[in-house]
Each structure stands twice: as C-alpha cells, then as structure tokens.
Amino acid sequence: MSKIDPNVIFKKDNGETISLQEKYVGLKSRPNGLLAVNFRTPEDEINNLKEFFESFQNDEPIKMDIGGTGDIECSFKGISPILEQKDTAGFTYFFLSVTLQDIKKMKTMEQPPNCGCGK
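Remember, it's a predicted structure, so these values are computed and weren't measured experimentally.

A word on the pattern of salt bridges. One pass over the structure, following the stated rule, counts four salt bridges. Asp71 serves as the salt-bridge partner of Lys11, at 2.7 Å between the closest nitrogen and oxygen. On the criterion of sequence distance, the pair formed by Lys11 in strand β1 (residues 7-12) and Asp71 in strand β6 (residues 71-79) is long-range, its members being 60 residues apart. Asp59 is paired through a salt bridge with Lys77; the nearest N and O atoms lie 2.2 Å apart. Here the residue Asp59 occupies a position in the loop between α1 (43-54) and β5 (61-66), and Lys77 occupies one in strand β6, the gap between them amounting to 18 residues. Exposure remark for Asp59: the relative accessible area of 43% places this residue in the partly exposed category.

Below is the structure:
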C-alpha cells in the first residue's frame, strides 16, 4: 500500500527545490491550462516562497510534485504581492499566489481541431 506524502515540492531545472506542507497550498484551475497556486502560510514560510518564485523568469520551466505522485511540468507565468491577513480566530497569516501553465494542456490547445476546419 502506497502512502501519499503530505508535501508539495516545486523544482527548478537547475535542481533547486522548495517543499511545503500541502495544508498551506491551494490549487485553482483556470482556462487555457492556467493554474493558480495559492499559498496561505505563517510568516516564516512566506519569505522563502517569495525568494524562490521571484527568481523565475516568465515562461521558465518549473515542475510541481504533489504528495510524491510525480512531476507536473509547467511554465512559470507570474507571482502576486504578499498579503498579510487574519483568519476568523484572529491569527495572522500571509497569502501569496503564483500562476503556472500546465505544459501538457498548453500543447494540447495548440493542436488544430479534428474537424478539419483548422487547416
């Protein structure tokens, strides 16, 4: 029986990685294969995330491994500013959003339609 790891790992092509507990990561699928990766973390985690993602250039390759299930190949699209917020209990947390594009979905969209009308 295999067990899913509780971490999400982001990987640069140069081998640099950052790992975060999945409880701090939220994913939202957008049209055209875009993926919003939302981080809601304590202050000590947010600065490492910001530093890691700010080092990316637009369209730079990045891989994401959710729970040890295998790499999802993406392209970096952007990073939001950090927002400081409070939850309903009054605890402070920090929010950061990163936009990625799933490379497989992007390639699928570039193919002409099967109806023959895209030639």
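The geometry of two aromatic rings is summed up by the distance between their centres and the angle between their planes. The final tally for this structure, using the stated rule, is seven aromatic pairs. With a centroid separation of 5.1 Å and 85° between ring planes, the pair formed by Phe52 and Phe53 is classed as edge-to-face. A centroid spacing of 5.5 Å and a plane angle of 70° characterise the contact between Phe52 and Phe56, whose relative ring orientation is edge-to-face. You'll find Phe52 and Phe56 in the same group, each marked buried. One aromatic cluster is present, built from ring pairs that chain together Phe10, Phe39, Phe52, Phe53, Phe56 and Phe76. The cationic tip of Lys12 hangs over the ring face of Phe56; the distance from NZ or CZ to the ring centre is 4.6 Å. Directly above the ring of Tyr93 sits Arg40, whose terminal nitrogen or CZ lies 3.9 Å from the centroid.

Okay, the environment of Asp65 next. Mapped onto the secondary structure, Asp65 falls in strand β5. By relative accessible area, which is 10% here, Asp65 ends up buried. Between the alpha carbons of Asp65 and Val8 there is a distance of 5.7 Å; along the sequence they are 57 residues apart. Dropping the residues within four chain positions of it, Asp65 is found in contact with Asn7, Val8, Ile9, Lys11, Gly70 and Asp71. A distance of 3.0 Å separates the side chain of Asp65 from the backbone nitrogen of Thr69, its partner in a polar contact.

What counts, and at which threshold
Starting from 1, residues in each chain are numbered consecutively following that chain's sequence as written. Reporting of local features is limited, given that this is a predicted model, to residues whose pLDDT is at least 70; pairs of side-chain atoms are given and counted only at 80 or more, and all residues count toward the totals for whole chains, interfaces and linings. Side-chain measures here rest on the full set of heavy atoms in the structure, leaving out hydrogens and waters. Salt bridges are counted wherever a side-chain nitrogen of Lys or Arg sits within 4 Å of a carboxyl oxygen of Asp or Glu. Strands are runs of DSSP state E lasting at least 2 residues, helices are runs of H or I lasting at least 4, and numbering of each runs from the N terminus. Residue burial is assigned from relative accessible area. The probe radius is 1.4 Å, only protein chains are included, and a residue is buried under 20% of its type maximum, exposed over 50%, and partly exposed in between. Note on aromatic pairs: the rings of Phe, Tyr and Trp (six-membered ring only in Trp) are paired at centre separations within 6.5 Å, and the planes decide the class, stacked below 30 degrees, edge-to-face beyond 60, tilted for the rest. A ring has a charge above it when a Lys NZ or an Arg CZ is no more than 6 Å from the ring centre and no more than 35 degrees off the ring normal. Residue contacts are defined here by distance: any two heavy atoms, one from each residue, within 4.5 Å place the two residues in contact. Here a polar contact is taken to be a pair of N or O atoms separated by no more than 3.5 Å, where protein atoms must pair a possible hydrogen donor with a possible acceptor and residues adjacent in sequence count only if both atoms sit in side chains.

Note that every value here comes from positions in space, so none of it alone points to a role or purpose.
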